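This is what each chain is made of:
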Amino acid sequence: MKTSQYEYDILVVGAGHAGCEAALASARLGAKTALLTMNCDMVGAMSCNPAIGGVAKGQIVREIDALGGEMGRVIDETGIQFRMLNRGKGPAMHSPRAQADKKAYQFSMKFRIEKQENLTLKQETVEGLIIENDRITGIQVKGEGVYHAKAVILTTGTFLKAVMHVGEAQTEGGRAGEGTTRTVSDSLTRLGFELERFKTGTPCRLNGRTIDFSKTELQPGDENPQPFSFMTDELTQPQMPCYLTATNEKVHEVIRQNLDRAPMYSGQIDSTGPRYCPSIEDKVVRFSERDSHQIFLEPEGRTTLEYYCNGISTSLPRDVQDQMVHSIVGLENAEIMRYGYAVEYDFAPPTQLHPTLETKIIEGLYFAGQINGTTGYEEAAGQGLIAGVNAVLKLKKEEPLILDRNQAYLGVLIDDLVTKGVDEPYRMFTSRAEYRLLLRHDNADRRLTPIGMRLGLVDQERASRFQKYEEDVQKGYEVIRRLRYQGGSLEDFMKRPEVNWNTLSELSPEVTRLDISSLAKRQVEIEVQYAGYIRRQTAEIAKLQKVQSLKVPESFDYLAIPQLRIEARQKLSKIRPVNLGQAGRVSGITPADIAVLMIYIKDRDKFSPQSSEG
């Protein structure tokens, strides 16, 4: 049989949230790109909850948007409820979140993929990787097809040797109604990659016609919803409500009586699941002192009555799920349309990656998304964008895009993955970012859009709009610094927490007449009121960077430094940090280890790549 041959610059395997952003970034930077998926009808599908954003995750979406990615625009177009979380806290803690029309989101993303120049969407099942001299040159697909490329990005999600569990029943597949990818895991193992197993889960879905919403608590969206994307002027679509109910002691008793049939407790599943998103079985066992747990009933779209039960992820048997649901207030007569299930799947511990997301073992091969041990659409999409950009930059022989921890949540995410690794599915939290006062959702564009413009990811429309926004912010600063009130500038007066731009407008006609956008006014407010904190964090960053930015040579021989502890030598040799800052974040590395390392790096004559031989 004749083999069909295809030639591309970059191949992206998997069309979930990571794959879509990777392929779009690659194509927009001029690379001839193919996006391969097992099912073209599932491009951008939301496998679990029908929502985008949330605490810290919303900041990631804003960063993806600021760099020219697509997730923010798509949720703005297809969202059905928008809320700003943590409004009662300071701006650094504010996080946008939106319910999505699940199918509309999926179709919108697929359409954007289809119309993108330099990008081809193909329905293919990958069977293996083609490697020559430790460099990837292509992939083999089912049906006698070969795709040749200079770089490959694997975004395989939960589909590597995936098994779904509903009670004692087991089915191969990474998502309900779909199959699994076994041969890719085998190819990676043969190449020397370490693979491990993680577990995730999803709750049942109900027919809204059979829910008694009168017994639940209404959860409306914001009155003045804020868009995710800098390119969205306002959100005008009508919003849909969510509803709140809770488990109770009767539900918990049903679960306790059937723990021996729960895969996580029967021994059927022995892999690790996400600690911060536990199944209802885990909640009942781990938090036995609680008599209830919240359940958010979230609509899956405008043209469906299907509701997602956020809060009761489970892999209990079908009959137990029936009993459990019918014991919940408002769900006594609810019909389950889809039962909850758990998924076990292979992932590759991300310490096997460079900070560019290129693998250390095979040149030109990149991993992004849940294959790296993360959880969440947002974390996956962010990795995909960075991997897509870096794959192209490598082909162009240009400097890679490596965001610092003080530049973006994306920088924190990737640094955590490649430096510390994961022992459970990784989820982003604001607490992971030591410079979160600087990494607010409101300033994502100011932090990252200039980088997107430099790389060529940002189109002219966005660039022009951003430049106008920056001019507006500067005009705002200029006016409030020049005008006086009560012996000081209006800028000094605005530092009071009860003062905002409207307050200044009441004091000065010139402030009232100033024609700048509401976004620019709000940015000036936040930065003036945060100025003291920002100065302190900026000074701290500058001080640390003098030491932490010291680069470690790629061929550095840690084993040749007798003053380093054996554990430090082994861990640093495995991670191979690019600078002292990353070295200091490796698990188990002490300040004393870093002090020794700094001395050796500054005096290059004390080591050589071969100094540990002979």
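Placed above this text is the structure.
Since the model is a prediction, treat every value here as computed from it, not as a measurement.

Some points on the pattern of salt bridges
Phase 1 of the analysis: Tallying each qualifying case throughout the model produces 45 salt bridges.
Phase 2 of the analysis: For the salt bridge of Lys57 with Glu379, the shortest nitrogen-to-oxygen distance reads 2.9 Å. Taken together, the residues span a long stretch of sequence, with Lys57 in helix α2 (residues 57-66) and Glu379 in helix α10 (residues 377-395) at a distance of 322 residues. Of the two residues examined, Lys57 and Glu379, each falls in the buried class.
Phase 3 of the analysis: Two residues, Lys161 and Asp186, come together in a salt bridge whose shortest N-O distance is 2.9 Å. Placement of Lys161 in the loop between β11 (151-154) and β12 (163-166) and of Asp186 in helix α5 (residues 183-190) is noted, with a sequence separation of 25 residues between them.
Phase 4 of the analysis: What you see here is one network of salt bridges that share partners, running through Arg405, Asp415, Asp416, Lys420, Glu434 and Arg585.

Notes on the side chain of Gln537
Phase 1 of the analysis: Turning to its location among the elements, Gln537 is positioned in helix α18 (residues 531-548).
Phase 2 of the analysis: Judged by relative accessible area, Gln537 falls into the buried class, the value being 12%.
Phase 3 of the analysis: If we skip the residues at most four places from it in the chain, Gln537 touches Glu434, Tyr435, Arg436, Leu437 and Leu438.

Points about the sheet that holds strand β8 (residues 126-132)
Phase 1 of the analysis: Overall, mixed pairing links the four strands, which are arranged β1-β10-β9-β8 in an open sheet. The open sheet is flanked by β1 (4-7) and β8, the only strands paired with a single partner. Going from strand to strand, the sheet's axes swing by 25° on average, the running direction of each strand aside.
Phase 2 of the analysis: As paired elements, strand β9 (residues 135-141) and strand β10 (residues 145-148) share four bridges and run antiparallel to each other. By the bridge assignment for β10, Gln140 is matched with Val146.

A word on unusual backbone geometry
Phase 1 of the analysis: A positive phi is found at Glu144, a non-glycine position, where the angle reads about 60°.
Phase 2 of the analysis: Among the structural elements, Glu144 can be located in the loop between β9 and β10.
Phase 3 of the analysis: Non-glycine residue Lys161 carries a positive phi angle of around 45°.

A few points about the packing of aromatic side chains
Phase 1 of the analysis: Overall, the coordinates contain eleven aromatic pairs when judged by the stated rule.
Phase 2 of the analysis: Seen from their ring centres, Phe213 and Tyr307 are 5.2 Å apart, and the 50° between their planes marks the pair as tilted. Placement of Phe213 in the loop between β15 (205-207) and β16 (217-219) and of Tyr307 in strand β19 (residues 306-310) is noted, with a sequence separation of 94 residues between them.
Phase 3 of the analysis: Assessed through its relative accessible area of 22%, Phe213 is described here as partly exposed.
Phase 4 of the analysis: Judged by relative accessible area, which is 9%, Tyr307 ranks as buried.
Phase 5 of the analysis: Feature note: the residues Tyr6, Tyr8 and Tyr147 constitute an aromatic cluster, connected by ring pairs.
Phase 6 of the analysis: Stacked on the ring of Tyr426, the Lys or Arg Arg432 has its end atom at 4.2 Å from the ring centre.
Phase 7 of the analysis: The ring centre of Tyr530 lies 5.5 Å from the NZ or CZ of Arg440, which sits over that ring.

Topic: the side chain of His441
Phase 1 of the analysis: Position of His441 among the secondary structure elements: in the loop between α11 (409-420) and α12 (444-455).
Phase 2 of the analysis: Setting aside residues no more than four positions away along its own chain, His441 makes contact with Gln59, Arg62, Met84, His94, Pro96 and Gln226.

A few points about the environment of Gln59
Phase 1 of the analysis: Residue position: Gln59 is located in helix α2.
Phase 2 of the analysis: The spacing of Gln59 and Thr430 is 371 residues in sequence and 9.1 Å in space, taken between C-alpha atoms.
Phase 3 of the analysis: Apart from residues no more than four positions distant in its own chain, Gln59 is found in contact with Gly54, Ala92, His94, Ser95, Pro96, Tyr409, Thr430, Leu439, Arg440 and His441.
Phase 4 of the analysis: Side-chain polar atoms of Gln59 contact the side chain of Ser95, separated by 3.1 Å.

Things to note about the sheet that holds strand β7 (residues 119-123)
Phase 1 of the analysis: In space, the five strands of this open sheet follow the order β7-β3-β2-β11-β22, with parallel pairing throughout. Every interior strand has two partners, whereas the edge strands, β7 and β22 (365-367), have only one. Direction aside, the axes of adjacent strands within the sheet are offset by 20° on average.
Phase 2 of the analysis: In this structure, strand β2 (residues 10-13) lies alongside strand β3 (residues 33-37), joined through four bridges in parallel fashion. Residue pairing for β3: Val12 is matched across the bridge by Leu35.

Reading guide: rules and limits
What you see as residue numbers is a count from 1 along each chain, following the sequence as written. The model is predicted, so local features are restricted to residues of pLDDT at least 70 and side-chain atom pairs to those at 80 or more, both for listing and for counting; the totals for chains, interfaces and linings are taken over all residues. Calculated side-chain values reflect all of the structure's heavy atoms, with hydrogen atoms and water omitted. For this document, the term salt bridge refers to a Lys or Arg side-chain nitrogen within 4 Å of an Asp or Glu carboxyl oxygen. Numbering of helices and strands runs from the N terminus; a helix is a DSSP stretch of H or I covering at least four residues, while a strand is a stretch of E covering at least two. For the exposure calls, accessible area comes from a 1.4 Å probe over protein chains only, and a residue counts as buried if that area is under 20% of its type's maximum, exposed if over 50%, partly exposed in between. It only takes one pair of heavy atoms within 4.5 Å for two residues to be counted as in contact. DSSP bridges decide pairing: two strands pair if at least two such bridges lie between them. Helix axes are fitted only over the stretch in contact, all axes being lines through C-alpha atoms; the angle between N-to-C directions runs from 0 to 180 degrees. Between 30 and 60 degrees the pair is tilted, below 30 it is stacked and above 60 it is edge-to-face, where a pair is any two Phe, Tyr or Trp rings, Trp via its six-membered ring, whose centres lie within 6.5 Å. Lysine and arginine charges are scored as sitting over a ring when NZ or CZ, respectively, is within 6 Å of the ring centre and within 35 degrees of the ring normal. Here a polar contact means two N or O atoms within 3.5 Å. Within protein one must be a hydrogen donor candidate and the other an acceptor candidate, and residues neighboring in sequence count only if both atoms are side-chain atoms.

Honestly, it's all geometry; don't read function into it.
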